[in-house]
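Given next are the chains, with one letter for each unit.
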Amino acid sequence: MNKTIRQLTLKRQFAEKRFKFYGQASLFLALIMLVVIISSMTYRSIPAFTNYGLNLNINLSQNNIDKDNINYRRLIRENIFLLDSGCEDRKCRREFSRLFSSGAAYELKDSLENDPSLLKKDFRKFILFSDDADLFYKFGIDKNLPENERRLSDREISWLSDFQEAGLVEKRFSTNFFTNGDSREPEIAGVLGAVVGSLYTILITLIISFPIGVLSAIYLESFAKKNRLTDFIEVNINNLAAVPSIVFGLLGLALFINFFGMPRSAPLVGGCVLSLMTLPVIIIATRASLQAVPPSIREAALAMGASEMQVVFQHLFPAALPGILTGTIIGLARAFGESAPLLLIGMVAFVVDIPGSVTDPATALPVQVYLWADSPERAFVAKTSAATLVLIFLLIVINLAAVILRKKYQLKW
């Protein structure tokens, strides 16, 4: 008998150790995969954080320039041609000017508008190379390929090599990535417009979904009568939480844009669509949090003569608040990373300007990642990985906020 008990005990202990090993192995494997993914994206994103360019002499002291009628593109081109290119025909000059970013004219305009005193001076302005020239300095080029199979001709490679040998080439941290909106030119494209659009969208989602979701859950849990109607509503809420997000995009397209006529590609519409997707998550999380409150809290409040409304909002709701906030923020984090519903309501549009309000045309960060990943330009490969890292960082911040709020408002019984 003792031998049998000892064998059963050893068998149970072995099963517990095996289960513990499986759990630790799963966590270790998940951690390895996470490190591999983050490391891979970080490595691929490194080129996106630097740009190559040169300091160009801008000659304005001897020119009679009207500040209200300046052709910045021509001004940049004229000063570029002062570099020793050896070009005498128009075709050669056009090829030489293609080595420099088309955004140099806009950067010069900003500099002169911010400091009008430069209009009467000669100064040096750092201008970026085009994406093909920038990639030449970052990765080099296979000169064994035929010229018609390369993005750069032999003459362009010669010019870029001469710049480097003369010490004119300079490498700088890419502030454009964090301060600019989207652009078709990779060297000046940034994520600020997409980040602002995402923040506006998630703000609208929070304003709509949090009060409606919490009040709906409180009503269903504490005030609604248990009948077939409430059972039907509860079943559909649970089903909606599992509906693919693209279905909510179709609903938003039909309801908010086609029926109500709201503006396409606006954070206002995006927030309304994502609030439909977030509502079931918030309702389920709120009901679960209310159910987790010890029944003695409710019974004690009723025994002291509190009304049903006082019991709910003065006792149950504060006790359930940590779980409600956690569920809400997790639902918002899921919505923050969604792209499918936003594609259907037009937030996939090419938007350069940074939105100033919730009704301005905008895009979202996940959609920006999708657009750059689909771009044929090689320089957008690094931009895609860098934008993904920004998205992951923002999601980490949102989930960290959930942990902090939960600990701050958590009650100990």
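Let me begin by describing the structure that accompanies this report. (Residues numbered from 1 in each chain as written. Predicted model: local features only at pLDDT ≥ 70, side-chain atom pairs only at ≥ 80, totals over all residues. Heavy atoms only, no water.)

1. Notes on the environment of Ile202
- If you trace the backbone, Ile202 turns up in helix α8 (residues 192–223).
- When its relative accessible area of 14% is taken as the criterion, Ile202 is described as buried.
- In sequence terms Ile202 and Glu338 are 136 residues apart; their C-alpha atoms lie 11 Å from each other.
- Those residues within four positions of Ile202 in sequence are excluded, and the remaining contacts are Leu332, Ala335 and Phe336. (Helix = DSSP H or I, 4+ residues; strand = E, 2+ residues; numbered from the N terminus. Buried < 20%, exposed > 50% of the residue type's maximum accessible area, 1.4 Å probe, protein only. Contact = heavy atoms within 4.5 Å.)

2. Description of the pairing of strand β2 (residues 122–128)
- Along β2, five of the seven residues are buried, which leaves the element largely enclosed by surrounding structure.
- Here seven bridges tie strand β1 (residues 50–59) to β2, and the two strands are oriented antiparallel to one another. In the strand pairing of β2, Gly53 is matched with Leu128. (Pairing = 2+ DSSP bridges.)

3. Some points on the side chain of Ser183
- For Ser183, the location among the structural elements is in the loop between α7 (176–179) and α8.
- Residue class for Ser183 comes out buried when judged on its relative accessible area of 13%.
- Within polar-contact distance, the side chain of Ser183 engages the backbone nitrogen of Glu185 at 3.0 Å.
- Not counting chain neighbours up to four residues away, the residues in contact with Ser183 comprise Ile188, Ala189, Phe350 and Phe380. (Polar contact = N/O pair within 3.5 Å; in protein donor to acceptor, adjacent residues only side chain to side chain.)

4. Digging into helix α4 (residues 104–114)
- Those residues of α4 that fall on the buried side of the exposure criterion are Ala104, Ala105, Leu108, Ser111 and Leu112. The arc that holds the buried residues of α4, viewed along the axis, is 120°, so those residues lie on one side. Along α4, the residues that are exposed and aim more than 90 degrees away from the buried face are Tyr106 and Asn114. (Arc of directions from axis to C-beta.)

5. Side note on the nonpolar core
- If you look at the biggest cluster of nonpolar residues, it comprises 38 residues, and the most contacted ones within it are Val191, Val269, Leu342, Ile345, Leu365 and Trp372.
- Within the residue set of this core, elements represented by two or more residues are α8, α10 (245–259), α11 (267–292), α13 (308–336), α15 (365–373) and α16 (380–409).
- Top contributing element to this core by residue count: α16, with nine residues.
- With near-sequence residues (within four places) excluded, Val269 lies in contact with Phe256, Ile257, Met262, Pro263 and Ile345.
- Tyr52, Leu54, Leu75 and Phe100 belong to the second largest nonpolar core, which has 33 residues in total. (Core = buried A, V, L, I, M, F, W, Y, C linked by side-chain atoms within 4.5 Å.)

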